[in-house]
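Reading the structure
Chain residues, written in single-letter form:
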Amino acid sequence: MSNQQKHWEKTRSLLFITLAIWFVFSIGIFLFGAEMNEVTGPFGYPWTYWFTCQGSLGAFVILIFWFANRQEKIDEEFGFSEREDE
Amino acid sequence: MKGNFIDNLPKVYGIYTGGFIGFIIIMAIAEQMGMSAKAIGIAFVAFTVFIYALIGWLSRTAQADAYYVAGRQVPTVFNGMATAADWMSGASFVAMAGGIYFKGYGYMALLVGWTGGYVLVASLLAPYLRKFGCYTVPDFIGTRYGGNLARFSAVVVLTVASFTYVTAQINATGTIASVALDIPFQYAVYVGLISILLCSMLGGMRGVTWTQVAQYIVLIIAYLLPVFWISNKMGAGFFPHFMLADEVARIGELEQQFGFVKNAAADLKSVPKGLAGITKAHSAVNATPWAFISLALAMMMGTASLPHVMMRYFTTPSVKAARKSVGWSLFFIFLLYSSAPMLATLSKLSLIDPNLPTGIIGKTFAEVEAIDWYQNWNQANLMFISDFNGNGTLELNEFFMGGKAVVLATPEIAGLPYVISGLVAAGGMAAAMSTADGLILAIANAISHDVYYKIIDPKAETAKRLLVARVLLVVIGFAGATIAAMEIQGILGSVIWAFDFAMSGLFFPLVLGVWWKRANRQGAIAGMLGGLAAGTWYLVWVRTGGSGFLGITQLTFGIFGSAVSLVLMVVVSLMTTEPDKATQKMVDDVRVPSGKTILGKSH
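This structure is a prediction, so every number in the text was calculated from the model and none was measured.

Calculation notes
Residues numbered from 1 in each chain as written. Chains lettered and ligands numbered in written order. Predicted model: local features only at pLDDT ≥ 70, side-chain atom pairs only at ≥ 80, totals over all residues. Contact = placed C-beta atoms within 7 Å. Helix = DSSP H or I, 4+ residues; strand = E, 2+ residues; numbered from the N terminus. Nonpolar A, V, L, I, M, F, W, Y, C, P; charged D, E, K, R; others polar. Expected span 1.5 Å × (residues − 1). Buried ≥ 20, exposed ≤ 12 C-beta atoms within 10 Å, placed from the backbone. Axes fitted to C-alpha atoms, helices over the stretch in contact; angles between N-to-C directions. Parallel < 35°, antiparallel > 145°, perpendicular 65-115°, else oblique. Left-handed = near helix turned anticlockwise from the far one by under 90°. Pairing = 2+ DSSP bridges. pLDDT = per-residue confidence, 0-100.

This paragraph deals with the interface of chain B and chain A. Contact with chain B, which involves 41 residues of that partner, is made by 39 residues of chain A. Elements supplying a minimum of two residues to the side of chain B that touches chain A: helix H7 (105-132), helix H12 (240-243), helix H13 (245-258), helix H15 (289-303) and helix H17 (319-337) of chain B. By residue class, the composition of the side of chain B that touches chain A is 27 nonpolar, nine polar and five charged.

Right under this line is the structure:
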């Protein structure tokens with residue numbers, strides 16, 4: 001397998017992991033919205049309410065930065081990161 | 001000097017922010033000395049619009065890559081701010097807290113949808129489109145799939161989606177300008193339009209970028225300052241986001257106590273159009289999982305298909321910067337979105353809690369009608385009370401308010417000085433203007449670059465191309481303003497439709513263009529046109545009394561449109577020949593950050 005194929009394979013698995021986490025916070029937890037809202041969550045808000053106000057939103061911010069760092073590492077590993085002069 | 005400007009950005013915008021805060025303080029002092037509320041409103045809107053126009057003039061350019069992609073040198077964090085302003089429209093600023101106030105959980109799917117979409121932008125699209133080196137979104141479609149028909153189809157989808165969106169934004173600038181400047185809406189729409197064009201006409205994307213950063217600073221101060229101030233004034237908590245649990249619980253208690261009494265249809269007829277009462281629980285789950293998830297999903301996929309957002313990531317210096325920049329964009333958006341539910345909570349509690357001095361439920365009608373702010377907002381057609389049961393005291397179901405009032409009126413209700421209301425008007429104006437600029441530019445650039453330059457006259461010189469681009473900008477702006485002046489739909493409805501149109505036609509052609517090598521021209525054209533047609537058909541069908549299926553509503557019709565688009569694209573691609581070697585090589589090159597962009601620096 002060529003260098004580029006390996007790079008793309010790793011990139012693709014990172015995408016699947018990222019999308020899986022995204023799925024949990026954007027869709028997964030809201031399947032159980034009613035049940036989860038009965039429980040008190042962070043700062044005393046009901047769990048589901050907190051997720052819609054802050055939790056999921058914050059998770060997305062962290063997820064994107066995490067994803068960007070991981071992808072940079074993958075690019076470096078296979079020598080595909082950009083040079084400054086390009 | 002140019003490089004200098006980029007290096008000095010933190011300083012430039014630091015001074016700007018300081019200057020703006022200074023202006024707020026001067027206005028506050030002027031208010032104490034007797035400056036009228038009306039004069040303060042005019043000063044805020046006029047001063048900020050003047051600054052944007054100045055930035056627009058300073059950013060004027062005659063170069064194609066500066067006009068289309070701001071010279072690709074916008075630093076990560078600043079591009080994040082510009083994207084946040086580009087993204088957060090008049091609807092986010094003025095209508096979102098109101099939506100949460102009235103509809104609660106079911107509406108908050110929009111908060112999740114309008115943020116979660118950025119994960120898709122960062123992981124599926126933005127870095128790859130940046131590597132491609134395109135000027136516009138149809139530029140990517142046209143080069144990846146090849147041929148004028150593919151390019152033109154992308155322009156059609158882009159125009160339908162962005163134009164639906166932009167009329168709502170011009171409408172919002174008109175609403176705010178008409179309130180702040182006290183002129184009729186029909187004229188205010190054009191005042192708004194001229195302000196919008198001042199930012200974008202001379203500098204194109206460069207002008208829009210630097211004004212959007214300035215507009216973000218204004219709008220975020222204008223949104224957060226009142227939230228914190230009100231929270232502290234009410235004694236609800238020093239940092240509202242972490243401290244309003246008791247208030248949320250208290251609203252739930254009051255809802256139990258008052259109950260949601262259903263009004264008779266005859267009684268509701270007397271309520272002015274556009275006003276609503278509190279009929280849904282504040283923090284309880286009041287929507288089925290599918291209703292919530294389908295709306296969130298539609299907004300997320302729509303986010304990843306809207307060209308005015310995507311083209312912001314064409315302006316970063318590198319692929320790496322494009323990725324990081326998506327993170328910063330969402331961070332800056334998060335600051336406002338996470339505050340909207342807090343504002344809704346504070347606003348609702350201050351109105352309905354009889355234990356608070358501002359609470360009006362349980363008071364007599366004579367008492368409420370004597371309150372200054374009630375009279376003001378009743379006159380502005382944003383508040384209304386009526387004694388349906390004739391007992392003389394105001395019940396929860398007898399109080400009606402417009403969605404905009406949550407943002408616009410809460411500072412006054414909580415007893416904040418008028419300077420805050422002026423600030424909020426400037427913030428709303430900034431939010432609507434920045435989005436309108438991004439949208440008009442997206443449409444005008446697509447038509448000037450993709451239709452005029454790439455299809456009609458590929459030999460046109462830069463000066464002529466940019467002239468065409470500017471003429472189109474003005475024409476599209478006026479077309480948008482003319483439709484906005486007719487006041488056909490509400491602000492929020494048309495914004496949501498724009499997402500559905502965009503995802504119907506563009507989501508899969510864009511994503512599969514990068515992630516599926518086998519996708520070819522025929523498939524992409526079928527996907528774009530078929531998806532858009534299917535989505536539009538579904539919308540018309542539901543609007544004209546159709547029952548719909550699978551719980552897909554007129555707000556989520558993009559789910560149907562994009563599903564059709566996906567099926568068509570895969571089936572047609574597989575039935576026709578695979579893309580040639582050169583195209584496959586191009587896709588390989590797009591997938592790695594290093595090396596030259598696919599399209600030249602100036603093309």
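Right, let's get into helix H23 (residues 462-485) of chain B. Residue and element names in this part refer to chain B. For H23, spanning 24 residues, the distance from its first C-alpha to its last is 34 Å, which sits close to the expected 34 Å at 1.5 Å a residue. Regarding H23, the residues found buried are Leu466, Val468, Ala469, Leu472, Leu473, Ile476, Gly477, Gly480, Ala481 and Ala484. Looking at the packing, one finds that the buried side of H23 touches helix H4 (64-69), helix H9 (148-181), helix H10 (185-200), helix H11 (204-234) and helix H22 (418-456).

Turning next to the packing of H11(B) against H22(B). Residue and element names in this part refer to chain B. Relative to each other, H11 and H22 sit at 150°, their axes nearing to 8 Å. Here H22 runs roughly antiparallel to H11, going by the angle between their axes. Between H11 and H22 lies a crossing of left-handed hand. Along the contact surface, H11 presents Gly204, Met205, Val208, Gln212, Gln215, Val218, Leu219, Ala222, Tyr223, Leu225 and Pro226, while H22 presents Ile420, Leu423, Val424, Ala426, Gly427, Ala430, Ala431, Met433, Ser434, Asp437, Gly438 and Leu441.

Turning to the sheet that holds strand S3 (residues 399-402) of chain B, a few remarks are in order. Residues and elements named next belong to chain B. Spatially, the three strands line up as an open sheet ordered S1-S3-S2, and their pairing is antiparallel. Sheet topology places strand S1 (275-276) and strand S2 (383-385) at the edges, where each strand pairs with a single neighbour. Sheet topology note: the S2/S3 ladder contains three bridges and is antiparallel. Looking across to S3, one finds that Ile385 is bridged to Phe399.

Let us look at the confidence of the model for chain A. Looking at chain A as a whole, the pLDDT averages 89, with 95% of positions reaching at least 70. Here helix H2 (residues 33-36) of chain A stands out as the element of chain A with the lowest mean pLDDT, 84, in contrast to helix H1 (residues 3-26) of chain A, whose mean of 94 is the highest.

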